[in-house]
Amino acid sequence: MAGVITASTALITILAQTGVIGSNSTPTPSPAPVAANAVDDHWITGATSVCTQADSMLNSLQSEVDQRRPWPGVVGKIAAIYRAMDMDLRNVSAPVEARQRIQLMTGAWDQAAGEYEHAATDYAGGNAAQVLDDLQRAAEANARGNQVADDLNLSPCASAGAGLTFGVY
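Now for a description of the structure that goes with this document. Here the residue numbers are simple positions, counted from 1 along each chain's written sequence. pLDDT decides what is reported in this predicted model: residues at 70 or higher carry local features, side-chain atom pairs at 80 or more are listed and counted, and totals for whole chains, interfaces and linings draw on all residues regardless. As a rule here, side-chain values come from all non-hydrogen atoms in the structure, and water together with hydrogens is ignored.

### Some words on the state of the cysteines
Counted only if it meets this: Two cysteine sulfurs form a disulfide in these notes if their separation is within 2.5 Å. Only DSSP runs of H or I covering at least 4 residues are called helices, and only runs of E covering at least 2 are called strands; the numbering of each starts at the N terminus. Per-residue accessibility, obtained with a 1.4 Å probe over protein chains only, is compared with the maximum for each type, and a residue is labelled buried under 20%, exposed over 50%, and partly exposed between these values.
A full pass over the atoms with the stated rule returns one disulfide. Through a disulfide, Cys51 is tied to Cys157; the S-S separation comes to 1.9 Å. On the sign convention where negative means left-handed, the S-S torsion of about 90° between Cys51 and Cys157 marks this disulfide as right-handed. With Cys51 in helix 2 (residues 41-60) and Cys157 in helix 7 (residues 155-158), this residue pair connects regions lying 106 residues apart in the sequence. Grouping residues by exposure puts Cys51 and Cys157 together as buried.

Next up, the structure:
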C-alpha cells in the first residue's frame with residue numbers, strides 16, 4: 001500500500017509540474033507526431049500497382065517450376081522480374097520523406113536479384129553448396145526489403161511472389 005501511495009504522490013507531482021493539474025492555464029497541446037511511414041496515397045497506389053503486376057508475373061512462373069523447366073532459367077526470370085519491379089518503383093514519384101527508405105527497399109531487392117543470378121550461375125557450374133549460400137543471401141536481402149516495404153505500408157510489395165514455391169532440382 002505504501003508503494004501505491006508513493007507512486008500516486010509521484011504521479012501527482014509530475015502532473016502538477018507539467019501544468020496538467022493545478023494550473024489555470026490550459027497546457028499547449030503537442031502536435032501529433034508524423035508517422036514514420038507516412039507517404040502520400042498517390043505514391044502508395046502507384047507502387048502497389050507495380051508490385052501487384054510483379055506478383056502476378058512471379059506467380060505465373062509456378063507452371064514452369066512445376067514442369068521442371070531448367071532451374072537456372074526460371075531463377076533468371078525471377079531476378080529479371082525483381083529488377084524490373086525495382087526500376088519501376090524508383091520511377092514512381094514518391095514523397096521526399098520516403099525516398100531514402102525506398103532506396104533501402106529496392107537496394108535490398110536488387111541484392112536479392114543478384115544473389116538469384118549467382119545461384120543460377122553456380123547451379124549451371126555444378127556448385128551446389130554455393131547455390132544454397134546464394135539462396136540464403138537472397139532470402140536475407142529479400143526479407144530486408146520486405147521489412148522496409150511493410151514500414152512504408154506497401155504490403156503488396158512485401159508479399160510479391162510469396163505464392164511461388166520452388167526448390168533446387
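What follows continues from the structure just given.
### Overview of the pattern of salt bridges
The following threshold applies: By definition, a salt bridge exists where a carboxyl oxygen of Asp or Glu is found within 4 Å of a side-chain nitrogen of Lys or Arg.
Summed over the entire model, instances satisfying the criterion amount to five salt bridges. In this structure, the salt-bridge partner of Lys77 is Glu64, at a minimum N-O distance of 2.8 Å. Placement of Lys77 in helix 4 (residues 71-91) and of Glu64 in helix 3 (residues 62-66) is noted, with a sequence separation of 13 residues between them. Put simply, Asp110 and Arg90 hold a salt bridge, and the shortest N to O gap is 2.6 Å. Here the residue Asp110 occupies a position in helix 5 (residues 96-124), and Arg90 occupies one in helix 4, the gap between them amounting to 20 residues. One network of salt bridges, in which partners are shared, links Glu115, Asp134 and Arg137.

### Some remarks on helix 2
Just so we agree on the cut-off: A helix's residues, less one, multiplied by 1.5 Å, set its expected span. Note that the arc is defined by the directions from the helix axis to the C-beta atoms. The contact criterion used is simple: two residues touch if any of their non-hydrogen atoms lie within 4.5 Å.
Between its terminal C-alpha atoms helix 2 stretches 28 Å, which fits the 28 Å expected from 20 residues at 1.5 Å a residue. Within helix 2, burial applies to Trp43, Ile44, Ala47, Val50, Cys51, Ala54 and Leu58. In an axial view of helix 2, the angular spread of the buried residues amounts to 130°, which keeps them on one side of the axis. Facing away from the buried side of helix 2, by more than 90 degrees, are the exposed residues Asp41, His42, Thr45 and Gln53. Looking at the buried residues of helix 2, the elements they touch are helix 3, helix 4, helix 5 and helix 7.

### Points about the layout of surface pockets
Worth spelling out the cut-off: Note on definitions: the grid is 1 Å and covers protein atoms alone; a cavity is a set of points where a 1.4 Å probe fits but cannot get out; a pocket is an open set with protein on both sides within 12 Å along at least five of seven lines; lining residues have an atom within 4 Å of a point. Grid points are joined across faces, edges and corners, and a volume is the space filled by probe spheres set on the points.
Approximately 200 Å³ is the volume attributed to the largest pocket. In terms of lining, the largest pocket is formed by 17 residues, of which the most central are Tyr82, Asn142, Ala160, Gly161 and Ala162. Mapped onto the lining of the largest pocket, the elements with two or more residues apiece are helix 4, helix 5, helix 6 (128-151) and helix 7. It is helix 4 that contributes the most residues to the lining of the largest pocket, three residues altogether.

### Points about the packing of helix 4 against helix 5
This is how it is decided: Interaxial angle, 0 to 180 degrees, is taken between N-to-C directions of lines fitted to C-alpha atoms, where a helix line uses only the stretch in contact. By definition in this entry, angles of less than 35 degrees are roughly parallel, angles greater than 145 are roughly antiparallel, angles of 65 to 115 are roughly perpendicular, and the rest are oblique. If you view the pair so one helix is near and one far, a crossing is left-handed when the near helix is turned anticlockwise from the far one by less than a right angle, and right-handed when it is turned clockwise.
Across the interface, helix 4 lies against helix 5 with an axial gap of 9 Å and an inter-helix angle of 165°. One element, helix 4, and the other, helix 5, form an angle in the roughly antiparallel class. Every pair of crossing elements has a handedness; the one defined by helix 4 and helix 5 is left-handed.

### Notes on the nonpolar core
Definition in use: Buried Ala, Val, Leu, Ile, Met, Phe, Trp, Tyr and Cys residues form a nonpolar core when they are joined through side-chain atoms within 4.5 Å.
Trp43, Leu89, Met105 and Leu154 are the most contacted members of the largest nonpolar core, which has 41 residues in total. At the level of elements, helix 2, helix 4, helix 5, helix 6 and helix 7 are the ones that each hand at least two residues to this core. Excluding residues that lie within four positions of it along the chain, Met105 makes contacts with Leu89, Gly145, Val148, Ala149, Leu152 and Leu154.

### Let's talk about the side chain of Glu115
Inclusion rule: Two N or O atoms form a polar contact when they lie within 3.5 Å of each other; inside protein one atom must be a possible hydrogen donor and the other a possible acceptor, and for residues adjacent in sequence the pair counts only when both atoms belong to side chains.
As for its placement among the helices and strands, Glu115 is situated in helix 5. The exposure class assigned to Glu115 is buried, which follows from its relative accessible area of 10%. Within the structure, the side chain of Glu115 is placed 3.2 Å from the side chain of Arg137, a separation counted as a polar contact. Non-local contacts of Glu115, meaning those with residues more than four positions away in its chain, are made with Asp134, Arg137 and Ala138.

### A short note on the packing of helix 2 against helix 4
To keep it simple, the criterion reads: Side-chain classes follow a simple rule in which Ala, Val, Leu, Ile, Met, Phe, Trp, Tyr, Cys and Pro form the nonpolar group, Asp, Glu, Lys and Arg form the charged group, and the remainder, Gly included, forms the polar group.
At a closest axis distance of 10 Å, the pairing of helix 2 and helix 4 adopts a crossing angle of 170°. One way to sum up the angle between helix 2 and helix 4 is to call them roughly antiparallel. Contact with helix 2, carried on its side by Trp43, Ala47, Val50, Cys51, Ala54, Met57 and Leu58, involves Ile78, Ile81, Met85, Asp88 and Leu89 of helix 4 and no other residues of that element. Among the residues forming the contact of helix 2 with helix 4, the class breakdown is 11 nonpolar, no polar and one charged.

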